[in-house]
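Now for the letters of each chain:
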Amino acid sequence: MDNAGKKSLFITLEGGEGSGKSTLIKRLVARLTALGNTVVTTREPGGTSGAEEIRNLLVKGSAERWDVTSEICLFYAAREDHLYRLIRPALEDGKIVICDRFFDSTRAYQGQLGIRESNIIKALEENIVGPTMPDITLILDIDVETGLTRANSRNNIDGDDKEGRFEAKKIEFHQKLRDAYLEIARNEPERCKVIDATKTPDEIEEIAMDLIAQKFSISLKEA
Ligand code: TYD
């Protein structure tokens, strides 16, 4: 998309478990804010009070808590609310929105499970995301074992509040997930940029800023 003259930017971050999205988001916010931009950070599932309530239904409990179609509908109910109440208004206000996961997560996590699921996702994507496509999607790529080790140390708490429902899925699931992200990036190379998440946080930050600047040189100039 040609962003010349457009102030708002919609940046999404994607990746498997433990790929380091949160660390990168904090750094991007600092850098982009220092350049004079107003930056809004948000996450999926969640981002609005309604969507956060739906998040609790999705990320807690046993790995088999929902059948996949119900899960897709819940993710999209949360996404609709998030787009309507937070993402579109912020973009219309000329802000930079950085979202930790967005519709590529549904394609990668739920879409790998079958043709019917992919068709449902495609229809929801067209009707709910519609024209609000991310300007750039940074995919943090990491080998499955390293990612899961990182994520498990973070989620090492007991009780019902533990948000480990997706980490608890089998290793083959996470391998397919990684492949699904890489395929999305191959299919949409203009929007999606893959970053090697085994690099240091400083290196990842520089690569991400370069990719954003290459795409949006005008928006990133100092105020
Ligand atoms: P979260 O703790 O935010 O994971 P992470 O820190 O890895 O981003 O939990 C969100 C979980 O929900 C994560 O495992 C990915 C999953 N998810 C889907 O399966 N489909 C989706 O559409 C989204 C947005 C997330």
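Per chain, the residues get numbers from 1 upward, laid out in the order the sequence is written. Local features in a predicted model are, by the rule used here, given only for residues with pLDDT of at least 70; side-chain atom pairs are given and counted only at 80 or more, and totals for whole chains, interfaces and linings are based on all residues. The side-chain figures draw on all heavy atoms in the structure; neither hydrogens nor water molecules are used.

A. View of the site of the ligand. Consider each residue's heavy atoms; a residue with any of them within 4 Å of a molecule or strand counts as near. Taken together, the neighbourhood of the ligand is formed by 17 residues, with Lys21, Arg101, Thr106, Gln110 and Phe166 sitting nearest. Under the rule applied, a polar contact is a pair of N or O atoms within 3.5 Å (in protein, one hydrogen donor and one hydrogen acceptor; residues adjacent in sequence only if both atoms are side-chain atoms). In the environment of the ligand, an oxygen atom lies 3.2 Å from a nitrogen or oxygen atom belonging to the side chain of Arg79. Between the ligand and Arg101, the relevant distance is 2.7 Å, taken from an oxygen atom to a side-chain nitrogen or oxygen of the residue. Accessible surface is estimated by sampling points in the Shrake-Rupley manner with a 1.4 Å probe; for residues, cover comes only from the protein chains shown. Here the ligand has 550 Å² of accessible area as a free molecule, and 94% of this is covered by the chains. Here the shell around the ligand gets four residues from one element, more than from any other, and that element is helix H4 (residues 103-110). For the shell around the ligand, the class distribution of residues is five nonpolar, three polar and nine charged. To qualify as a helix, a DSSP run of H or I must reach at least 4 residues; to qualify as a strand, a run of E must reach at least 2; elements of each kind are numbered from the N terminus. All amino acids are sorted into three groups, where Ala, Val, Leu, Ile, Met, Phe, Trp, Tyr, Cys and Pro are nonpolar, Asp, Glu, Lys and Arg are charged, and the leftover types, Gly among them, are polar.

B. Representation of unusual backbone geometry within the structure. Residues Glu44 and Pro45 are joined by a peptide bond in cis, for which omega reads -10°. Positive phi outside glycine occurs at Arg101, with the angle close to 75°. Each residue is placed in one exposure class: buried if its accessible area under a 1.4 Å probe, protein chains only, is under 20% of its type's maximum, exposed if it is over 50%, and partly exposed if it falls in between. Classification of Arg101 by relative accessible area gives buried; the value is 13%.

C. Spotlight on the packing of helix H3 (residues 68-92) against H4. As a rule, the C-alpha atoms of each element are fitted with a line to give its axis, helices using only the stretch in contact, and angles between N-to-C directions run from 0 to 180 degrees. Contact geometry for H3 and H4: axes closest at 11 Å, N-to-C directions at 175°. Considering their axes alone, H3 and H4 lie roughly antiparallel with respect to each other. Along the contact surface, H3 presents Val68, Glu71, Ile72, Phe75, Tyr76 and Arg79, while H4 presents Phe103, Thr106 and Gln110. Of the residues assigned to the contact of H3 with H4, the class counts are five nonpolar, two polar and two charged. Small angles under 35 degrees read as roughly parallel and large ones over 145 as roughly antiparallel, with 65 to 115 read as roughly perpendicular and the rest as oblique. Residue contacts follow a heavy-atom distance rule, with two residues in contact if any of their heavy atoms lie within 4.5 Å.

D. A look at the packing of H4 against helix H5 (residues 115-129). One way to put it is that H4 packs onto H5 with a least axis distance of 10 Å and a crossing angle of 175°. Judged on the interaxial angle alone, H5 and H4 are roughly antiparallel. In this structure, H4 contributes Phe103, Thr106, Arg107 and Gln110 to the contact, and H5 contributes Glu117, Ile121, Glu125 and Val129. The class makeup of the residues in the contact of H4 with H5 is three nonpolar, two polar and three charged.

E. Focus on the pairing of strand E3 (residues 96-100). The buried count for E3 comes to five of five residues, which makes it a mostly enclosed element. Burial of the side chains of E3 extends over both faces: Ile96, Ile98 and Asp100 are buried on one face and Val97 and Cys99 on the other. Note on pairing: two strands pair once DSSP finds at least 2 bridges between them. Examined bridge by bridge, strand E1 (residues 9-15) and E3 share five bridges and lie parallel to one another. Across the sheet, the residue bridging to Leu13 is Asp100, located in E3.

Keep in mind these numbers describe shape, not what the thing actually does.
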